[in-house]
Amino acid sequence: MSVLLLIAFTLLGLFTGSFLNVCIDRLPQRQSIINPPSHCPACKHKLTALDLVPIFSYLWLRRRCRYCQAPIPVRLPIVEGITGLLFGFLYWKFGFGLELVMTLIYASLLIIIFVVDLENQLVLDIVTYPSMAITLVFSFFWPDLGVLGALKGGVIGLVAMGLPFIIYRRGIGMGDVKLGALVGLMTGYPLVVVALLLGVISGGLVAGILLAFKIKGRRDAIPFAPFLVTSAMVALLWGQVIYQWYLGGWSVDILSQIF
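Residues numbered from 1 in each chain as written. Predicted model: local features only at pLDDT ≥ 70, side-chain atom pairs only at ≥ 80, totals over all residues. Heavy atoms only, no water.

1. Remarks on the packing of aromatic side chains
Tallied over the entire structure, the rule returns seven aromatic pairs. Taking 5.8 Å as the distance between ring centres and 15° as the angle between the ring planes, the aromatic pair formed by Phe 56 and Trp 60 counts as stacked. Here Trp 60 and Phe 56 lie together in helix α2 (residues 56-60), a separation of four residues that amounts to about one turn. Residue class for Phe 56 comes out partly exposed when judged on its relative accessible area of 47%. With 5.8 Å between their ring centres and 45° between their planes, Tyr 106 and Trp 142 make a pair best called tilted. In this pair, Tyr 106 is assigned in helix α4 (residues 98-120) and Trp 142 in the loop between α5 (125-139) and α6 (146-167), connecting sequence segments 36 residues apart. Here Trp 142 falls in the buried class, since its relative accessible area comes to 11%. Each residue in the set Phe 9, Tyr 91 and Phe 96 is aromatic and connected to the rest through ring pairs, giving one cluster. Lys 93 extends its terminal NZ or CZ atom over the ring of Phe 94, reaching a point 5.9 Å from the ring centre. (Phe/Tyr/Trp six-rings, centres within 6.5 Å; stacked < 30°, edge-to-face > 60°. Helix = DSSP H or I, 4+ residues; strand = E, 2+ residues; numbered from the N terminus. Buried < 20%, exposed > 50% of the residue type's maximum accessible area, 1.4 Å probe, protein only. Lys NZ or Arg CZ within 6 Å of the ring centre and 35° of its normal.)

Structure follows, in structure tokens:
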């Protein structure tokens, strides 16, 4: 592994995270992600290159717009930092190759879905549908998947999320159903089962904690997409190991296989 490439992919992730922030801000508003150029949402002043350096600009400007002193959301450097770390980690795991490129694109799409749903309780069709098309193309090249495996996973994800939607519509939205299909296409069968189970378990645990500490009430909406997309990423990276561990019981040393 090249240290220089590791640094390069981490930096690429930082700047990609800056672009993802634009998508996160504009797509729920049905705005173009190209025009107008980056600007302060408060004073509409066009931002310069010095205003757009990931993380550094946020710290250098002391978390405020250079022109109107409006506060800059803390989400911006968080998304940039997480994307940078994730890109570096993915290069470390996969090395330079096609699998890395596909995983970087998946990670970027999942980050957008994660944050948009967390902030707006929306899973956007404008992200989900193109992602499905991309996933089907990638399935021809993803190791041990193939288009048939992807389609099987998509059907399972669609059905698994669709049944709760039909039975109890207040607990799940149609966007989550489509996201279930997307996650299934990404992970394929049988890893879609791993992704769905991890999503349900992690979502249930966090919901229980929020209710126990009265941070959320029983009628308050708790976005599910963040849990599902996080579980999808885990399944993409370690799903086969987790699945083998589940089938083999405690005889499989899962930690040694992950790290």
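2. Focus: the packing of helix α7 (residues 174-187) against helix α8 (residues 191-212)
Running from amino to carboxyl end, α7 crosses α8 at an angle of 135°, the nearest separation of the two axes being 8 Å. Compared by their axis directions, α7 and α8 come out oblique. The hand of the α7/α8 crossing is right-handed. On the side of α7, the interface is formed by Val 183, Gly 184 and Thr 187, while α8 contributes Leu 191, Val 192 and Ala 195. (Axes fitted to C-alpha atoms, helices over the stretch in contact; angles between N-to-C directions. Parallel < 35°, antiparallel > 145°, perpendicular 65-115°, else oblique. Left-handed = near helix turned anticlockwise from the far one by under 90°. Contact = heavy atoms within 4.5 Å.)

3. Let's talk about the nonpolar core
Counting 55 residues, the largest nonpolar core has Leu 90, Ile 112, Ile 113, Met 161, Leu 179, Leu 228 and Met 233 as the members making the most contacts within it. Other than its neighbours up to four places away in sequence, Leu 179 contacts Ile 113, Val 123, Thr 128, Ala 225, Leu 228 and Val 229. (Core = buried A, V, L, I, M, F, W, Y, C linked by side-chain atoms within 4.5 Å.)

4. Focus on the side chain of Asp 117
With respect to the secondary-structure elements, Asp 117 resides in helix α4. Summary of buried charges: Asp 117 has no salt-bridge partner, and the nearest side chain of opposite charge, Lys 216, is 11 Å away. Among the polar contacts listed, one links the side chain of Asp 117 to the backbone nitrogen of Leu 122, at a separation of 3.0 Å. If we ignore the near neighbours within four places in the chain, the residues touching Asp 117 are Leu 122, Val 123, Pro 223, Phe 224, Ala 225 and Pro 226. (Lys, Arg positive; Asp, Glu negative; His and termini not counted. Salt bridge = Lys/Arg side-chain N within 4 Å of Asp/Glu carboxyl O. Polar contact = N/O pair within 3.5 Å; in protein donor to acceptor, adjacent residues only side chain to side chain.)

5. As for the environment of Val 22
Following the sequence through the fold, Val 22 ends up in helix α1 (residues 3-26). What makes Val 22 buried here is its relative accessible area of 17%. A sequence separation of 42 residues divides Val 22 from Arg 64, and the C-alpha atoms of the two residues are 17 Å apart.

6. Focus: the pattern of salt bridges
By the definition in use, this model includes four salt bridges. Between Arg 66 and Asp 51 there is a salt bridge, with the nearest N and O atoms lying 2.8 Å from each other. Taken together, the positions of Arg 66 in the loop between α2 and α3 (75-94) and Asp 51 in the loop between α1 and α2 put the pair 15 residues apart, joining distant regions of the chain. Residues Glu 119 and Arg 75 are paired through a salt bridge, measuring 2.8 Å at the closest nitrogen-oxygen approach. Of this pair, Glu 119 sits in helix α4 while Arg 75 sits in helix α3, and the two are 44 residues apart along the sequence. Accessibility expressed as a relative area gives 40% for Glu 119, which makes it partly exposed. Exposure remark for Arg 75: the relative accessible area of 13% places this residue in the buried category. Bridged by salt links that share partners, the residues Asp 25, Arg 75 and Glu 119 form one connected network.

Shape is all these values report; function is a separate question.
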